[in-house]
Amino acid sequence: MASEERLLDASLTATDFDPSAAEGPPARARAVVVGGGIIGASVAYHLARLGWTDTVVLERSRVSSGTSWHAAGLMTRTRGTHMQTEIASYSRDFYRDLSALSGIETGYYPNGSLSVARTDERLTELRYALTLARHHGLPARELAPDEIAAVSPILAADDLTGGVLFLDDATVNPGWAAYATAKAAFDVGVRVVEGVRVTGFRLASGPEGGAPRVTAVETDRGAVECEVAVVAAGLWSRDVALLAGARLALHPAEHYWARTEPIEGADRDLPIVRDLDGSIYVRHYRAGLVVGAFEPDGRPRTTADIPADFSFGRFEPDLEHFGRPLARARERVPALAEARFEHYLCAPESFTPDGNFLLGETAEVAGLFVAAGMNSQGIILGPGVGRALAEWIEEGAPTVDAAEVDVRRFSPAQANAGYLFERTRESLGRLYAMHWPHQQPGTARGLRRVPLYDRLAAAGAVFGETAGWERAMWYATGSVRPKYVYSHGRQNWFEVVAEEHRAAREGVALFDLSSFAKLRLEGPTALHAAQRVFTADLDRPPGAVVYTSMLNSSGGVELDATVTRLCEDAFLVVTSAAAQNKALHWLRRHTGPDTVVTDVTSALGVLSVSGPRSRDLLSGLTDADLSDAAFPFLRAREIDVGWATVLALRVSFTGELGWELYAPAESLPVLYDQLLAAGAPLGLRLAGYHALDGLRAEKGFVHWGSDVGPADRPDEAGLEATVARDKLGGFIGSAALLSAGPPRRRLVPILLDDPEPVLYHGESVLQDGRLVGRVTSGAYGHTLGAAVGLAAIAGQTAATDEVVARAAVDVEIAGTRVPARLGDRPFYDPDGRRLRGS
């Protein structure tokens, strides 16, 4: 007999399974989890399963009373990325078994889900999701419009272009799922304490004067000493983390759904329906329907608007606002036109600036972990998120590809309340909006501008946002308007980026890279600190530039960087813009009191001059000898270029001759102007990050966060050369490398045979119809005449070598298999020649 469906159940309390839940918290616990919703309960359960049975959950009201209780209970396995699909798949299986595990009925019902498309482009997006589902062995199939009515007779399908049915999806009673997870945690030793409010954290100085470490959680009912604290407080997580000095980028917004009286045909076996172009979802509920929306004009709320005693709470619904998505729902489900809605819900959820959740240890405080900002996906992701964070805590490093959700990926500036309020207007709707490749946000722009922003804009720059920075992605010329026109194929900037690309390959191009994170490491122990933190041997003469990696304790790559030795006791560390916050605090955490780490990102601008004629350009502005003999590759010198004194690094992310010029921010405008003037006779071209991405993809350079992340070892990402073998045992993560088994994957170049399709990331790679790996990053290689990228081939060395040696593969792009080739080396070399095997 099917279990009862129960939404909006406000009767739940942990005292039903543990009367002591109403008593005060213990004086000490190994781990303290703040928040008793699905996320906090899951973290606690999975910690206990790893042996952390001395864990306590602190809930300010009652279990599930924040946001878990009012969720719509949708459960889907296929998400937008491989990592999140793995997390959601685990969550679905967890719910399937949760009633048996906890003895609590959760209402789990496997009715599947159906996503429908009103446009061809949306159908293409759904085909990408279908490919992702197949990659992970999840049953799914595409439906033609005339097949949709057979699967869901309540739908009007005349205007649809198709859909995808995901057969393993399900519904669950959300409050009861959180309650049952808390009960399961209690059964394995976790204490759940209700009615206790966190008021602060106690911090102690870290070892060697490094970052502070949490030592206790303070509450209105006494302090709880601990080794680790986890903030899983839903929409209140930002406020809670601020009590410890950690800044989180999440913000509440209203979420709406409505429930009808019984409707003919609203059978429980109907799949969940997502009409993404209509911004709506529809699910069965007690012979009626629930209709919810992720509308494009979201309504943010501040926590100051939410009462302190907000428990099982909701807001007064604005029916005019909700009326617009309801009208679209009536188009899709004609029976709703005559249906009576018996209940409207408006309640808060929390959203992040990029639509991905927050996971991991905070940059600012050691031992303070976060699992929050679920973007209204807490029920879908909760069990998997809890397991991932528990393993992170136990292992001291991520066990999943966590770069896209790492809490440290945001700039502290992005935790600004005003910025978050404005961005959240868009964030809610982006859940169901088109997920275009290279899509840029439309709200809260201009938070961080490079020194040349106005000059670049005047030159036609079209900007994209990374870590709050506005960066020139491409330059509009001729009849091309300076605005993205999105598609899943070649976008409107394709030809102008091809010209930028060719300038870097054949002439000379100028890139503004000022958003690079730039950190100075200096002091009498700077060399010792650098040797401990980085994998390469940095005991080089002043002026040496070294490409290296920074590992976690499990040997995973936390970031890659170029490190320049400025003098005997000073180094300049340069890494990606998205890694600024992480890199700064990581270095401070792992260096001693006699080493000073200073963030000079805003103080220094960076212009990259790249291409065969870059030496000709710079020679007209400097007396310095730029010959190979006097200024070799991977060297740095302070030189005068025009009126500016710069630190010039002979490096290039394009694979061509080039220099990066680091200049004081106040000198950057004159340097830029003089470079443009001197470069005009040489055909100098301004170029943006899209061109840079294609250039580096042709050369096979890795992109941290896409090709490699904190769960990948250097030998699994083609970064073995960044590791000094004679330093093994002397840097963070080296012990793990010494004890590691063979590589679990091999990262290799991949090139499509067909010049028309484009690669992005995540596409499946098959050989003779067998899944062998996936594309980790891709771009268009205008020199090679086809899309090119890197692919992770799964398996140990012998198996991956055989796959690569055979070379011929197919890449599945939105359901279509495209012939491609793998290479054992990049398909392009610095002289512009196609390489062997291409």
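**Some words on the pairing of strand S16 (residues 288–293)**
- Most of S16 is tucked away: 6 of the 6 residues are buried.
- Here S16 shows no split at all, with Gly288, Val290 and Gly292 on one side and Leu289, Val291 and Ala293 on the other all buried.
- Across 4 bridges, strand S13 (residues 251–260) lies against S16 in antiparallel orientation. Counted as the bridge partner of Arg259 is Val290 from S16.
- Relative to S16, strand S15 (residues 280–285) runs antiparallel, the two sharing 6 bridges. Its bridge partner being in S16, Arg283 is matched across the sheet by Val290.

**Notes on the packing of helix H1 (residues 38–49) against helix H2 (residues 82–102)**
- Where H1 meets H2, the axes come as close as 14 Å, and the angle between the chain directions of the two elements is 75 degrees. With respect to H2, the element H1 is oriented roughly perpendicular. Here H1 contributes Ile38, Tyr45 and His46 to the contact with H2, which in turn contributes Tyr90, Phe94, Tyr95 and Leu101.
- Residues that form the contact of H1 with H2 fall into these classes: 6 nonpolar, 1 polar and no charged.

**Regarding the nonpolar core**
- Residues Val32, Phe201 and Leu336 are the most contacted members of the largest nonpolar core, which totals 66 residues.
- Ignoring anything within four residues of it in the chain, the contact list for Phe201 reads Val214, Ala216, Val217, Glu218, Ala229, Val231, Val240, Leu243, Ala244 and Leu368.
- Counting residues in hydrophobic clusters, the runner-up holds 59 residues, among them Met75, Phe94, Ala170 and Met374.

**Overview of the packing of H1 against helix H5 (residues 174–187)**
- Across the interface, H1 lies against H5 with an axial gap of 8 Å and an inter-helix angle of 25 degrees. Put simply, H1 runs roughly parallel to H5. At the point where H1 passes H5, the crossing takes the left-handed sense. Here Ile38, Ala41, Ser42, Ala44 and Tyr45 of H1 lie close against H5, whose contacting residues are Ala177, Ala178, Thr181, Ala182, Ala184 and Ala185.
- Broken down by class, the residue content of the contact of H1 with H5 amounts to 9 nonpolar, 2 polar and no charged.

**Overview of the sheet that holds strand S21 (residues 461–466)**
- Spatially, the 3 strands line up as an open sheet ordered S20-S22-S21, and their pairing is mixed. Since the sheet does not close on itself, it has two edges, and those belong to strand S20 (448–449) and S21, each with one partner.
- Looking at chain direction, S20 and strand S22 (residues 469–475) are connected through 2 bridges and run parallel. Bridging from a neighbouring strand, Arg449 pairs with Glu470 of S22.

**Describing the environment of Thr85**
- Position of Thr85 relative to the elements: it lies in helix H2.
- Here the alpha-carbon distance between Thr85 and His255, two residues 170 residues apart in the chain, equals 23 Å.
- A polar contact is formed between the side chain of Thr85 and the backbone oxygen of Thr81, at a distance of 2.8 Å.

**Some points on the packing of aromatic side chains**
- Evaluated as defined, the whole model comprises 21 aromatic pairs.
- Ring centres 5.7 Å apart and planes at 65 degrees place the aromatic pair Tyr45 and Phe94 in the edge-to-face group. Residue Tyr45 is located in helix H1, and its partner Phe94 is located in helix H2; the two are separated by 49 residues in the primary sequence.
- Note on Phe94: relative accessible area 7%, which makes it buried.
- With a centroid separation of 5.8 Å and an interplanar angle of 10 degrees, the aromatic rings of Phe653 and Phe701 are classed as stacked. Remark: Phe701 occurs in the loop between helix H16 (689–699) and helix H17 (734–739) and Phe653 occurs in the loop between strand S31 (644–649) and strand S32 (658–664); sequence separation between them is 48 residues.

**Quick word on the side chain of His70**
- Along the chain, His70 turns up in the loop between strand S2 (55–59) and strand S3 (74–75).
- From its side chain, His70 meets the backbone oxygen of Pro348 in a polar contact 3.1 Å long.

**Topic: the confidence of the model for the protein chain**
- When pLDDT is averaged along the protein chain, the result is 96; 98% of the residues meet or exceed 70.
- Below pLDDT 50 for its whole length, residues 832–838 participates in 17 contacts with residues either more than four positions away or in separate chains.

So, how was this worked out
- Residues numbered from 1 in each chain as written.
- Predicted model: local features only at pLDDT ≥ 70, side-chain atom pairs only at ≥ 80, totals over all residues.
- Heavy atoms only, no water.
- Buried < 20%, exposed > 50% of the residue type's maximum accessible area, 1.4 Å probe, protein only.
- Helix = DSSP H or I, 4+ residues; strand = E, 2+ residues; numbered from the N terminus.
- Pairing = 2+ DSSP bridges.
- Axes fitted to C-alpha atoms, helices over the stretch in contact; angles between N-to-C directions.
- Parallel < 35°, antiparallel > 145°, perpendicular 65-115°, else oblique.
- Contact = heavy atoms within 4.5 Å.
- Nonpolar A, V, L, I, M, F, W, Y, C, P; charged D, E, K, R; others polar.
- Core = buried A, V, L, I, M, F, W, Y, C linked by side-chain atoms within 4.5 Å.
- Left-handed = near helix turned anticlockwise from the far one by under 90°.
- Polar contact = N/O pair within 3.5 Å; in protein donor to acceptor, adjacent residues only side chain to side chain.
- Phe/Tyr/Trp six-rings, centres within 6.5 Å; stacked < 30°, edge-to-face > 60°.
- pLDDT = per-residue confidence, 0-100.

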